[in-house]
Amino acid sequence: MSEIKKNLKGFSTFPHDTIAEIQRSAREGIYQIRGLGAKRKVPNFDDLVFLGASASRYPLEGYREKCNTSVVIGDRFAKKPITLDIPITIAGMSFGALGANAKDALGRGASAMGTSTTTGDGGMTPEERKSSKYLVYQLLPSRYGMNPDDLRKADAIEVVVGQGAKPGGGGMLLGQKINKRVAQMRNLPEGIDQRSACRHPDWTGPDDLEIKIQELREITNWEKPIYVKVGAARAYYDTALAVKAGADVVVLDGMQGGTAATQDVFIEHVGIPTLGALREAVDSLKELNMHRKVQLIVSGGIRSGADVAKAIAMGADAVSIGSAAMIALNCNADMYPEDYEKLGTAAGYCHHCHTGRCPVGVATQDPELEKRLEPDLAGKRVKNYLATLTLELQTLARANGKSDVRNLEPEDLAALTVEAAAMARVPLAGTTWIPGYDK
Amino acid sequence: MNFDLSKKTLREVNSYLQNIDLKSNQRDFVIKNPLGNHALCAGLQDEIKVTIKGHVGYYCAGMNKKAEVTIEGNVGTGVAENMMSGLVHVKGNASQSAGATGQGGTLVIDGDASSRCGISMKGINIIVKGSVGHMSAFMAQSGNLVILGDADEYLGDSIYEAKIYCLGKVKSLGADCIEKEMNDKEIKHLSALLEAQNIKADPKKFKRYGSARSLYNFKIDNVSSY
Ligand SMILES: Cc1cc2nc3c(=O)[nH]c(=O)nc-3n(C[C@H](O)[C@H](O)[C@H](O)COP(=O)(O)O)c2cc1C
Ligand code: SF4
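Below is a summary of the structure that appears in this document.

How each quantity is defined
- Residues numbered from 1 in each chain as written.
- Chains lettered and ligands numbered in written order.
- Predicted model: local features only at pLDDT ≥ 70, side-chain atom pairs only at ≥ 80, totals over all residues.
- Heavy atoms only, no water.
- Near = heavy atom within 4 Å.
- Nonpolar A, V, L, I, M, F, W, Y, C, P; charged D, E, K, R; others polar.
- Polar contact = N/O pair within 3.5 Å; in protein donor to acceptor, adjacent residues only side chain to side chain.
- Areas by Shrake-Rupley, 256 points an atom, 1.4 Å probe, with all protein chains shown as cover.
- Pairing = 2+ DSSP bridges.
- Helix = DSSP H or I, 4+ residues; strand = E, 2+ residues; numbered from the N terminus.
- Axes fitted to C-alpha atoms, helices over the stretch in contact; angles between N-to-C directions.
- Contact = heavy atoms within 4.5 Å.
- Core = buried A, V, L, I, M, F, W, Y, C linked by side-chain atoms within 4.5 Å.
- Buried < 20%, exposed > 50% of the residue type's maximum accessible area, 1.4 Å probe, protein only.
- Parallel < 35°, antiparallel > 145°, perpendicular 65-115°, else oblique.
- Left-handed = near helix turned anticlockwise from the far one by under 90°.
- Arc of directions from axis to C-beta.

1. Things to note about the site of ligand 2
Looking at ligand 2, the residues that line it are L36, M326, C331, N332, C350, H351, H352, C353, C358, V360 and A363 of chain A. Here the residues of the shell around ligand 2 are counted per class, giving eight nonpolar, three polar and no charged.

Dropping the structure here:
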């Protein structure tokens with residue numbers, strides 16, 4: 001750095017990336033579309049800590065005493081609920097956004113750990129059905145590839161109302177990612193932008209949703225658990241409405257949640273953080289006397305066993321992961337630096353899933369790039385990652401004296417910041433103070 | 001074989017019709033007293049004929065495969081939604097989103113269809129003998145929407161490769177939807193669609209609408225259309 005620069009004071013309102021973005025929009029006249037989740041910092045699970053055991057609570061012996069991680073999903077109305085060995089699932093990511101190898105690898109890793117994976121906006125591929133022990137089939141507004149046979153082949157059905165990255169937004173798969181197979185599955189010409197609508201074509205509002213769910217159950221003999229996925233916006237009411245509409249499971253996706261391609265302004269500025277939304281959803285379930293009866297699956301920024309444990313302690317039944325699972329597949333790994341550079345980015349900064357030129361072969365349909373992801377090896381990485389999360393989760397549960405991870409409770413937590421204390425409704429560490437909460 | 005929905009549950013009737021014993025000769029069914037039930041005849045998957053005597057609720061014959069379902073009455077939202085194949089014939093009027101996302105087969109509506117008829121259609125043929133409501137064929141991907149009456153505002157908004165034929169007046173076309181030439185090939189194509197349903201109308205009198213394809217790839221110059 002030059003002597004002059006060292007002495008200069010930057011603008012906090014206009015840091016370098018803001019200056020660059022203003023100048024980019026002045027050149028191009030269009031907003032930025034990108035992949036993955038929010039880059040800004042929001043209150044999150046790092047702002048909570050577990051208290052652990054003490055004189056009044058005794059811990060369980062690590063590696064010796066059992067700590068159950070399995071969870072039954074969808075036993076409210078479905079004749080065939082699913083039993084997951086671990087409360088960590090793979091979130092819906094479309095074939096089209098991800099390549100077939102990536103989908104296959106996610107299926108292998110999840111199946112090896114006895115958990116589920118999810119289709120996405122693009123239909124079900126035979127590869128992912130084959131490699132997934134439990135496959136959740138999404139019903140999205142676009143209905144790309146939707147058909148009753150795949151509906152019956154699924155282990156559960158997820159009606160997608162919204163996503164955390166873009167509550168209220170549809171999808172956009174840019175033409176450069178549309179090869180022949182993706183185009184055929186979506187019934188559209190190759191190479192054109194594929195817009196996914198933001199609203200369902202045949203229902204609006206919770207009363208209609210109830211009837212839609214009834215139709216899905218009628219088509220599948222009332223066997224499949226029906227999930228309703230909402231982006232974190234009005235989590236209290238959305239949860240209540242999903243329960244009223246007859247969902248077996250509510251999937252709540254916080255604002256940090258990843259996406260394949262959306263406007264940056266949406267990713268960073270719409271929706272609320274997972275932490276606050278989760279508490280609202282649990283409040284709603286408890287008020288309806290439905291907590292643990294309608295399962296709550298939470299996503300958006302889950303990275304570690306600590307995140308999983310904290311989400312469960314706050315009342316979730318399971319979590320779902322998107323971005324972190326991609327990272328386990330090698331997203332943003334420090335390899336092929338020249339290919340990151342061609343995209344104008346570098347490992348650790350990449351959010352270029354929308355370009356179809358993924359340097360590590362995860363979010364691409366290009367056969368040469370896809371070869372960089374070998375499904376068997378990548379599947380093992382996903383399995384290892386899920387196994388690590390599970391061990392971390394059990395470690396924390398035992399430390400808090402719990403023989404079942406779902407016995408973790410808000411009383412096991414303390415907050416490190418005033419914001420997190422208010423959002424998660426746990427006391428600020430070392431105090432009994434919960435801002436805004438009058439017992 | 002007759003079913004009476006005032007005596008049997010929806011589940012019983014649907015389950016029977018979804019799991020036909022293909023060895024039996026029974027292929028014709030009548031459902032009496034449908035009483036506005038939702039999801040009646042949803043998920044059928046065999047070559048059977050079902051006649052429903054009366055009005056039905058939402059999603060009648062949803063995701064139908066192969067079956068021929070006739071409704072002697074009006075239908076609620078989303079009749080034959082996401083239909084794969086077969087024939088659904090509504091003798092009365094249809095509510096919103098008739099034939100939404102339909103992938104194949106034919107939907108015939110003798111009366112009018114409300115808004116968003118054929119929304120996101122993906123290969124289905126829809127023939128409406130009356131008029132259609134606003135935003136019909138919105139984001140329609142493929143298949144044919146034939147309208148013998150009029151079409152309300154924003155017909156074919158953001159349409160992809162689907163074809164719209166309309167005999168009556170079109171109040172307005174949606175973004176990227178334009179009138180297209182009705183040449184000999186199109187006239188032949190339309191007359192085959194009409195003849196297949198025994199509909200007497202002169203195909204030469206229809207106008208055809210489809211995509212200008214100018215919104216297929218995002219261009220900043222089109223920003224006012226988005
Ligand atoms: C590449 C990618 C594709 C996605 N595709 C879909 C999709 O098709 N349908 C959907 O409901 N959510 C989709 N999502 C969102 C995820 O299902 C999930 O909500 C989100 O990734 C969770 O947050 P996380 O990324 O922080 O783990 C996608 C996310 C990513 C990263
Ligand atoms: S490395 Fe690939 S998957 Fe990861 S952000 Fe970049 S393009 Fe997307």
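So much for the structure itself; the text now carries on.
2. A look at the site of ligand 1
Residues and elements named next belong to chain A. Neighbouring ligand 1 are 25 residues; G92, D253, G301, G322 and S323 lie closest to it. One of the side-chain N or O atoms of D253 is found 2.6 Å from an oxygen atom in ligand 1. Note that an oxygen atom of ligand 1 is positioned 2.5 Å from one of the side-chain N or O atoms of S323. Contact with the protein chains removes 97% of the 610 Å² of surface that ligand 1 exposes when unbound. In terms of residue class, the shell around ligand 1 is built from eight nonpolar, 14 polar and three charged.

3. With respect to the sheet that holds strand β10 (residues 177–180) of chain B
Backbone-to-backbone hydrogen bonds join strands into a sheet, with any given pair of strands oriented parallel or antiparallel. Residue and element names in this part refer to chain B. Strand order in the open sheet formed by 11 strands is β1-β2-β3-β4-β5-β6-β7-β8-β9-β11-β10, and the pairing between neighbours is mixed. Each of the sheet's edge strands pairs with one partner strand only, and the pair in question is β1 (2–4) and β10. The sheet shows a mean angle of 15° between the axes of neighbouring strands, taken without regard to direction. Of the strands in this sheet, β1, β2 (28–32) and β3 (49–53) are in contact with helix α1 (residues 10–18), which crosses β2 at around 170°. The strands touched by helix α2 (residues 184–196) within the sheet are β7 (122–128), β8 (142–147), β9 (163–166) and β11 (207–211), with β9 carrying the most contacts at an inclination of about 75°.

4. Let's talk about the nonpolar core
Counting 96 residues, the largest nonpolar core has L48, I90, L278, L296, I321, L329 and V362 of chain A as the members making the most contacts within it. No other element matches the seven residues that helix α15 (residues 375–399) of chain A contributes to this core. Every residue in contact with L329 of chain A, bar those within four places of it in the chain, is listed here: A102, A105, L106, V362, L373, A378, R381 and V382 of chain A. In this structure, V79, A113, C117 and L155 of chain B belong to the second largest nonpolar core, which totals 49 residues.

5. Topic: the packing of helix α11 (residues 305–313) of chain A against α15 of chain A
Two quantities define a packed helix pair, namely the angle between the helix axes and the distance between the axes. Residues and elements named next belong to chain A. Close contact between α11 and α15 brings their axes to 7 Å; oriented N to C, the two are set at 50°. The orientation of α11 relative to α15 falls into the category oblique. The handedness of the crossing between α11 and α15 is right-handed. Two secondary-structure elements touch here, α11 through G305, A306, V308, A309 and I312 and α15 through L389, E392, L393 and L396. Each residue belonging to the contact of α11 with α15 can be placed in one class, and the counts come to seven nonpolar, one polar and one charged.

6. Here's the deal with α1 of chain B
Buried within α1 of chain B we find L10, R11, V13, N14, L17 and Q18 of chain B. One face of α1 of chain B carries all of its buried residues, which in axial projection span an arc of 165°.

7. Observations regarding the packing of helix α3 (residues 100–112) of chain A against α15 of chain A
Residue and element names in this part refer to chain A. Running from N to C, α3 and α15 point in directions that differ by 45°, and their axes come no closer than 7 Å. With respect to α15, the element α3 is oriented oblique. The two elements α3 and α15 cross, and the hand of that crossing is right-handed. For the pair α3 and α15, contact is made by N101, D104, A105, L106, R108, G109, A110 and A112 and by P375, D376, A378, G379, V382, K383 and L386, respectively. Among the residues forming the contact of α3 with α15, the class breakdown is eight nonpolar, three polar and four charged.

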